Amino acid sequence: LDYAEGRLHKIPTWLEIALVCERFHCSPKDMGIDMTDPRKSRLLRLALNVYMAASDRDKAKEKGKWDKAIAEYQAILKADPRDLTACNNLGDLYARFGKASEAIEQYLKLGELFRADGLAVKAIAVYKKIAKLAPTRNDVLLACADLYEEQGLTGEAKIQLAAVAEQYGKAGQTDKLVEVYQRLA
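Rules behind the numbers
Residues numbered from 1 in each chain as written. Predicted model: local features only at pLDDT ≥ 70, side-chain atom pairs only at ≥ 80, totals over all residues. Heavy atoms only, no water. Helix = DSSP H or I, 4+ residues; strand = E, 2+ residues; numbered from the N terminus. Buried < 20%, exposed > 50% of the residue type's maximum accessible area, 1.4 Å probe, protein only. Contact = heavy atoms within 4.5 Å. Areas by Shrake-Rupley, 256 points an atom, 1.4 Å probe, with all protein chains shown as cover. Axes fitted to C-alpha atoms, helices over the stretch in contact; angles between N-to-C directions. Parallel < 35°, antiparallel > 145°, perpendicular 65-115°, else oblique. Left-handed = near helix turned anticlockwise from the far one by under 90°. Nonpolar A, V, L, I, M, F, W, Y, C, P; charged D, E, K, R; others polar. Core = buried A, V, L, I, M, F, W, Y, C linked by side-chain atoms within 4.5 Å. Salt bridge = Lys/Arg side-chain N within 4 Å of Asp/Glu carboxyl O.

J.: Describe in detail the overall build of the protein, supporting the description with residues and values.
T.: Across its full length, the protein carries nine helices and zero strands. When the elements of the protein are put in sequence order from the N terminus, they spell out α-α-α-α-α-α-α-α-α. In the protein, which comprises 185 residues, the proportion classed as buried is 33%. Expressed as a percentage of contacts within the protein between residues at least 6 apart in sequence, the contacts between residues at least 24 apart total 39%. Approximately 11400 Å² of the protein is accessible, and the part contributed by carbon and sulfur atoms is 54%.

Structure (structure tokens):
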């Protein structure tokens, strides 16, 4: 879209205007947008600030400045603990940085948030991330099995239960092993 030439195919959002301004190093005035209205000016500044904060966070991630990116995501989660994207990205950063226990903690929170919102498929995906980091976490495998059962995917649930049964058998936890076998029956 060429905003400067007036060939506008849709009405842009404030964030889109901010992105265009930032990318092409121009002002909204250059694009023919009247900025004398203080409300419009405030909205555009807010949109640009949100974009720049996200951009800085992403650049820090890309450049390997893990600590700064982690701090940014922690600040976001402190302000909004239910921010699913920030929770997932923070878990991913911890996992890449080699902090498996912190990653698992974030993923567990995310999985519970997805479950609370009724998003079973997304919760399953998160629990699978945890299982890759800690394959012996029976609580995660059991939660995954429960979600598969809720979705009517009994075959997938049985795979998870079989993995749990194997781990209980190796650990000699016969009482829990019997419970899992009863669920498998």
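J.: Break down the packing of helix H7 (residues 138-150) against helix H8 (residues 154-171) for me, with residues and values.
T.: Following both chains from N to C, one finds H7 and H8 inclined at 155°, their axes separated by 8 Å at the closest point. Judged by the angle between their axes, H7 and H8 are roughly antiparallel. Here the hand of the crossing between H7 and H8 comes out left-handed. Note on element contacts: H8 touches H7 through Glu 156, Ala 157, Gln 160, Leu 161, Ala 163, Val 164, Gln 167 and Tyr 168, opposite Asn 138, Leu 141, Leu 142, Cys 144, Ala 145, Tyr 148 and Glu 149. Here the contact of H7 with H8 is built from residues that sort into ten nonpolar, three polar and two charged.

J.: Requested: an account of the nonpolar core, with residues and values cited.
T.: Within the largest apolar cluster, 36 residues are counted, with the highest numbers of intra-cluster contacts made by Leu 90, Tyr 127, Ile 130, Leu 147, Val 164, Tyr 168 and Val 180. Elements with a contribution of two residues or more to this core: helix H3 (66-79), helix H4 (84-97), helix H5 (100-116), helix H6 (120-133), H7, H8 and helix H9 (174-184). Here this core takes eight residues from H7, the largest share from any one element.

J.: Lay out the pattern of salt bridges in plain terms, naming residues and giving numbers.
T.: When the charged atoms of two side chains lie near each other, side chains of opposite charge can form a pair. Summed over all chains, the structure comprises seven salt bridges. Here Glu 105 and Lys 109 are joined by a salt bridge, their closest N and O atoms 3.6 Å apart. Here the residue Glu 105 and the residue Lys 109 both occupy positions in helix H5, the gap between them amounting to four residues, near one helical turn. The exposure class assigned to Glu 105 is partly exposed, which follows from its relative accessible area of 43%. Across the salt bridge formed by Glu 149 and Arg 183, the nearest N and O atoms sit 3.1 Å from each other.

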